[in-house]
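A look at the structure
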Amino acid sequence: GGYTTPSVAAETTKVVWHPSGDFVAFTDRATKHSTELYVYSLLDGKPSKIDFRDYVMNALGRVDATEIGLHCVSTPVSWEGDRLTVRLYFSVDRPDSGRHFYESAVTFQLYHDRSSTPRLQLLSVSPPKNPNE
């Protein structure tokens, strides 16, 4: 991990495996208040990172913001077939009203076959809501 020690990372990292066992989504703590999502292909025994669109900026735009306040935590929830669901929790600082917290559900579609490089397409980002409401 980038921020934590290996023993702490082993306790705090969330990992979800694709039903085939050929893909894995996991988080790594980037800072004290944030985690980042990674998705890897393990085809032919070789790990290969799969890039995807910036879903955090998508969620920020939905609350009329352009940057994270302090918190940004992504947690992979599950694979349902080739669909990956991720929970996004983040904060935004507003000059007039302070820090606001939001939560969104993010869905990706995995496309893979033996003749092409696996890719993830961002399908949806739910409207961010205050998790305490």
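The present account deals with the structure reproduced in this document. (Residues numbered from 1 in each chain as written. Predicted model: local features only at pLDDT ≥ 70, side-chain atom pairs only at ≥ 80, totals over all residues. Heavy atoms only, no water.)

1. Details of the overall build of the chain
Cut-off, in case you're wondering: Counting from the N terminus, the helices are DSSP H or I runs at least four residues long and the strands are E runs at least two residues long. Put simply, the radius of gyration uses C-alpha atoms, and a globule should come to 2.2 Å times the residue count raised to 0.38.
On a plain count of helices and strands, the chain comes out with two helices and eight strands. Moving toward the C terminus, one meets the helices and strands of the chain in the order α-β-β-β-β-α-β-β-β-β. Over its C-alpha atoms the chain spans a radius of gyration of 16 Å, differing by no more than 12% from the 14 Å that the globule rule assigns to 133 residues. Principal-axis analysis of the C-alpha atoms gives the chain an extent of 55 × 35 × 25 Å.

2. What to know about the side chain of His71
As a reminder, the rule being used: Here's how the labels work: a residue is buried when its accessible area is under 20% of the maximum for its type, exposed when over 50%, partly exposed in between, all with a 1.4 Å probe on protein chains only. Two residues form a contact once any of their heavy atoms are found within 4.5 Å.
Mapping His71 onto the fold places it in the loop between helix 2 (55-62) and strand 5 (72-80). Here His71 falls in the buried class, since its relative accessible area comes to 16%. The residues touching His71, leaving out its near neighbours within four places in the chain, are His33, Tyr89, Phe90, Ser91, Arg99 and Phe101.

3. Concerning the nonpolar core
What counts here: The definition of a nonpolar core used throughout is a set of buried Ala, Val, Leu, Ile, Met, Phe, Trp, Tyr and Cys residues joined through side-chain atoms within 4.5 Å.
Within the largest apolar cluster, 27 residues are counted, with the highest numbers of intra-cluster contacts made by Tyr55, Trp79 and Phe108. Put simply, the parts of the chain that give this core at least two residues each are strand 2 (23-31), strand 3 (34-41), helix 2, strand 5, strand 6 (83-94), strand 7 (98-113) and strand 8 (116-125). With five residues, strand 6 is the largest single contributor of residues to this core. Not counting chain neighbours up to four residues away, the residues in contact with Phe108 comprise Leu37, Phe52, Arg53, Tyr55, Asp82, Arg83, Leu84, Val86, Leu120, Gln121, Leu122 and Leu123.

4. Description of the packing of aromatic side chains
Note the threshold: When the centres of two rings from Phe, Tyr and Trp lie within 6.5 Å, Trp using its six-membered ring, the rings pair. Their planes under 30 degrees apart give stacked, over 60 give edge-to-face, and anything left gives tilted.
Counted according to the given criterion, the structure contains seven aromatic pairs. With 5.7 Å between their ring centres and 25° between their planes, Phe26 and Tyr38 make a pair best called stacked. Linking Phe26 in strand 2 with Tyr38 in strand 3, this pair joins segments that are twelve residues apart in sequence. Of the residues examined, Phe26 reaches a relative accessible area of 23% and is grouped as partly exposed. Among the residues examined, Tyr38 registers a relative accessible area of 18% and is labelled buried. Each ring, one from Tyr89 and one from Phe101, has its centre 5.9 Å from the other, and the planes form 20°; the classification is stacked. Note that Tyr89 is positioned in strand 6 and Phe101 in strand 7, a separation of twelve residues in sequence. Residue Tyr89 is classed as partly exposed on the basis of its relative accessible area of 24%. The class of Phe101 is partly exposed, set by a relative accessible area of 24%. An aromatic cluster of at least three residues, connected via ring pairs, comprises Phe26, Tyr38 and Tyr40.

5. What to know about unusual backbone geometry
Look at Asp44: it is not a glycine, yet its phi comes out positive at around 55°. Inspection of the secondary structure assignment puts Asp44 in the loop between strand 3 and strand 4 (48-49). Overall, Asp44 belongs to the exposed group, its relative accessible area being 68%.

6. A closer look at the pattern of salt bridges
Going by this rule: Definition used for salt bridges: Asp or Glu carboxyl oxygen within 4 Å of a side-chain nitrogen of Lys or Arg.
If you walk through the whole model with that rule in mind, you get three salt bridges. Between Asp93 and Arg99 there is a salt bridge, with its nearest N and O atoms 2.7 Å apart. What makes Arg99 partly exposed here is its relative accessible area of 39%.

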